[in-house]
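Listed below, chain by chain, are the residues.
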Amino acid sequence: MRRKIVAGNWKMNNDLSATQALLTELKKQLPDTQAEVMVAPTFVNLFPAFEAARTSKIQVVAQNMHFAESGAYTGEVSAEMLGSIGIEAVILGHSERRAYFGEDDALLAKKVDTALSHEMEIIFCFGEELDDRKSGNHFNIVESQLKNALFHLAPDAWDFIVLAYEPVWAIGTGETASPEQAQEMHEFIRKTIASKYGQEIADRVSILYGGSVKPNNAQEIFSKPDVDGGLIGGASLKAEDFTAIIKSI
Ligand code: 13P
């Protein structure tokens, strides 16, 4: 059975005390759920968050990492460093990394390989911009993002991949994709994977939706057959909202 996952991407929010306070609150309010729950604090707060979450089912994951093993990359963080503090999963390819830090498919393919070589699970983000959607090019964009960064992988690597479809026009805008738009794209993504890796792998991969998921729209989006959970930005910063979203899966 496919895993259900609700993950919170905290982006560049929450200092140390806010991180600890939010985790304390989340642990208190966390509903009984079959879904896996993840949160991604900023690098400096990963270890304290990991410690704070230790006694709960919340998994702490990283928002990013570098492709190199180590060396002269000022300001960067390696897979090995993440692993050494207990972090076992990383978000790669977020649209903000692509847009503001120039991360392209080729670079992401290298990061994916490095993460896999450390047996790190990857939450791989991708999605089209508004112009692509308006011009009807969104399926092509998504297909090429997947192919360029992931289709060099061996089939067994897919055990370590979770996909997160995040249409850029829906991120932080309050304008979410309709449940039908999300389902249509998730179905397309699964078909694209099936065409390369076969139906069994395609059916096993969890595909999360991200982009303005809130307590009032989560249930309808999560009810779609190819939507296996969500990657939540703004609403994951409030314990009540995030737990309400978790409850709705
Ligand atoms: P919002 O939920 O704030 O739209 O952000 C989504 C996102 O970027 C998660 O990675």
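Look above for the structure.
This section reports on the structure supplied with the text. This one's a predicted model, so the numbers in the text were calculated from it and none came from an experiment.

Calculation notes
- Residues numbered from 1 in each chain as written.
- Predicted model: local features only at pLDDT ≥ 70, side-chain atom pairs only at ≥ 80, totals over all residues.
- Heavy atoms only, no water.
- 1 Å grid on protein atoms, 1.4 Å probe; cavity = no way out; pocket = protein on both sides within 12 Å on 5 of 7 lines; lining within 4 Å.
- Points joined across faces, edges and corners; volume = space filled by probe spheres on them.
- Helix = DSSP H or I, 4+ residues; strand = E, 2+ residues; numbered from the N terminus.
- Nonpolar A, V, L, I, M, F, W, Y, C, P; charged D, E, K, R; others polar.
- Phe/Tyr/Trp six-rings, centres within 6.5 Å; stacked < 30°, edge-to-face > 60°.
- Buried < 20%, exposed > 50% of the residue type's maximum accessible area, 1.4 Å probe, protein only.
- Lys NZ or Arg CZ within 6 Å of the ring centre and 35° of its normal.

Attention shifts here to empty space enclosed by the protein. Tallied over the full model, the rule gives 1 cavity of 30 Å³ or more. For the largest cavity, the calculated volume is near 30 Å³. Breaking the lining of the largest cavity down by element, the ones donating at least two residues are α4 (95–101) and β5 (121–126). Class assignment for the residues of the lining of the largest cavity results in 3 nonpolar, 3 polar and 2 charged.

Right, let's talk about the packing of aromatic side chains for a bit. Enumeration over the complete set of coordinates arrives at 9 aromatic pairs. Centre to centre, the rings of F151 and W158 are 6.5 Å apart; their planes meet at 70°, and the pair counts as edge-to-face. The class of W158 is buried, set by a relative accessible area of 4%. Taken together, the aromatic side chains of F124, F126, Y165 and Y209 make up a single cluster linked through ring pairs. Across the ring face of Y197, the terminal group of K196 is positioned such that the distance to the ring centre comes to 5.8 Å.

Nothing here speaks to function; it is geometry throughout.
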